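Each chain is listed here by its residues.
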Amino acid sequence: GQIVYVDKGGQTIPSTPLTGKTGETVKVVPQIPGGYKIVPGQQIPTTVTATAEGIPTVTVQVEHAMTTVQPTDPKTPADTLPDNPGKKYPSGVDETDLNKTIVRTIIVHTPGEAPSTVRQEAKLTRTATVDEVNGNVTYSDWNNGSWDKYNVPTVPGYTPSTNVVESANVTSETQPATVDVTYTSTAQT
């Protein structure tokens, strides 16, 4: 006899043989193929009885094991999948695939001084889900970030091109930005 593994599409995955003599109780111990997991809620017998006609086939419904890769724990093609030790992670789940930093640079041109730079970073992340059987990777949406409000320093006798660089929401579509703050002399009385 055998334990037959069937996925949701009806495809049969390699089976596990069952052997025994007529009248014996044969233990049913599923050995799930790498990358698959048992579909929950099934009534899988723990034993079957061998008869003169053979050992009845035990059918086990399986599905692809899915692994979520967190942006704080990215993987590389050198890392092994947790439920499929014979396979490595596909590309597309490393640090740069799950983490993105979008920068706004504010350059303040203070009169009589070297320009000073304020670097604002918005860190965006997403998760990846890996199908352990076929290696397909799907992604969650990127989370959003923001750049903080920046109050431009006052310089006596000068007027800045802007008093405030406003805060801004940052999405995965936002491009890096540079803001130049310049000063013009104020008419003296």
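Above: the structure in question.
Conventions and cut-offs
Within each chain, residue numbers correspond to sequence positions counted from 1 in written order. Whole-chain, interface and lining totals are the exception, using all residues; otherwise, since this is a predicted model, local features are given only for residues with pLDDT of at least 70 and side-chain atom pairs are given and counted only at 80 or more. Excluded from the side-chain calculations are hydrogens and water; all other atoms, namely the structure's heavy atoms, are used. Only the six-membered ring of Trp is used, alongside the rings of Phe and Tyr, when aromatic pairs are assigned; centres must lie within 6.5 Å, and planes under 30 degrees apart are stacked while those over 60 apart are edge-to-face, with the rest tilted. We count a charge as sitting over a ring when the NZ of a lysine or the CZ of an arginine lies within 6 Å of the ring centre and within 35 degrees of the ring normal. Secondary structure elements are taken from DSSP: a helix is a run of H or I of four residues or more, a strand is a run of E of two residues or more, and numbering for both begins at the N terminus. Per-residue accessibility, obtained with a 1.4 Å probe over protein chains only, is compared with the maximum for each type, and a residue is labelled buried under 20%, exposed over 50%, and partly exposed between these values. If DSSP finds at least two bridges between two strands, the strands pair. Only the contacting stretch of a helix is used when fitting its axis, a line to C-alpha atoms as for every element, and angles between N-to-C directions run 0 to 180 degrees. Counting of polar contacts relies on pairs of N or O atoms within 3.5 Å, with two restrictions inside protein: one atom must be capable of donating a hydrogen and the other of accepting it, and residues adjacent in sequence are counted only when both atoms are side-chain atoms. Only heavy atoms matter for contacts: two residues are in contact if any of them lie within 4.5 Å across the pair. A pairing counts as a salt bridge when a side-chain nitrogen of Lys or Arg comes within 4 Å of a carboxyl oxygen of Asp or Glu.

Quick look at the packing of aromatic side chains
Phase 1 of the analysis: Scanning all chains against the criterion turns up zero aromatic pairs.
Phase 2 of the analysis: Over the ring of W142 we find K100; its NZ or CZ atom is 4.9 Å from the centre of that ring.
Phase 3 of the analysis: The side chain of R126 reaches across the aromatic face of Y139, ending 3.9 Å from its centre.

With respect to the environment of S172
Phase 1 of the analysis: Within the element layout of this structure, S172 appears in the loop between β18 (168-170) and β19 (177-181).
Phase 2 of the analysis: S172 gets classed as partly exposed once you look at its relative accessible area, which sits at 22%.
Phase 3 of the analysis: Between the C-alpha atoms of S172 and L124, which are 48 residues apart in sequence, the distance is 7.3 Å.

Considering the sheet that holds strand β10 (residues 99-108)
Phase 1 of the analysis: Across the sheet, which stays open at both edges, the three strands sit in the order β11-β10-β19 with mixed pairing between neighbours. A single partner strand is all that each edge strand has here, and the edge strands are β11 (116-125) and β19. On average, adjacent strands in this sheet sit at an angle of 15° to one another, irrespective of strand direction.
Phase 2 of the analysis: By the bridge criterion, five bridges tie β10 to β19 in an arrangement that is parallel. Counted as the bridge partner of V108 is V181 from β19.

Side note on the side chain of T16
Phase 1 of the analysis: For T16, the location among the structural elements is in strand β2 (residues 12-17).
Phase 2 of the analysis: Engagement of the side chain of T16 in a polar contact is seen with the side chain of Y5, the distance being 2.6 Å.
Phase 3 of the analysis: Once residues lying within four places of it in the same chain are set aside, the contact partners of T16 are G1, Q2, I3, Y5, V29 and Q31.

Topic: the environment of T68
Phase 1 of the analysis: Residue position: T68 is located in strand β7 (residues 66-69).
Phase 2 of the analysis: Expressed as a C-alpha distance, the spacing of T68 and A128, which sit 60 residues apart in the sequence, is 5.7 Å.
Phase 3 of the analysis: Those residues in contact with T68, other than ones at most four positions away along the chain, are T127, A128 and T129.

As for the pattern of salt bridges
Phase 1 of the analysis: All chains considered together, the criterion is met by five salt bridges.
Phase 2 of the analysis: The closest approach of N and O atoms between E63 and K37, which form a salt bridge, is 3.8 Å. Taken as a pair, E63 in strand β6 (residues 58-64) and K37 in strand β4 (residues 36-38) lie far apart in primary sequence, 26 residues in all.
Phase 3 of the analysis: Residue E63 is classed as buried on the basis of its relative accessible area, which comes to 15%.
Phase 4 of the analysis: The salt bridge involving D73 is made with K75; its shortest N-O contact spans 3.2 Å.
Phase 5 of the analysis: Taken together, the shared-partner salt bridges connect K8, K37 and E63 into one network.

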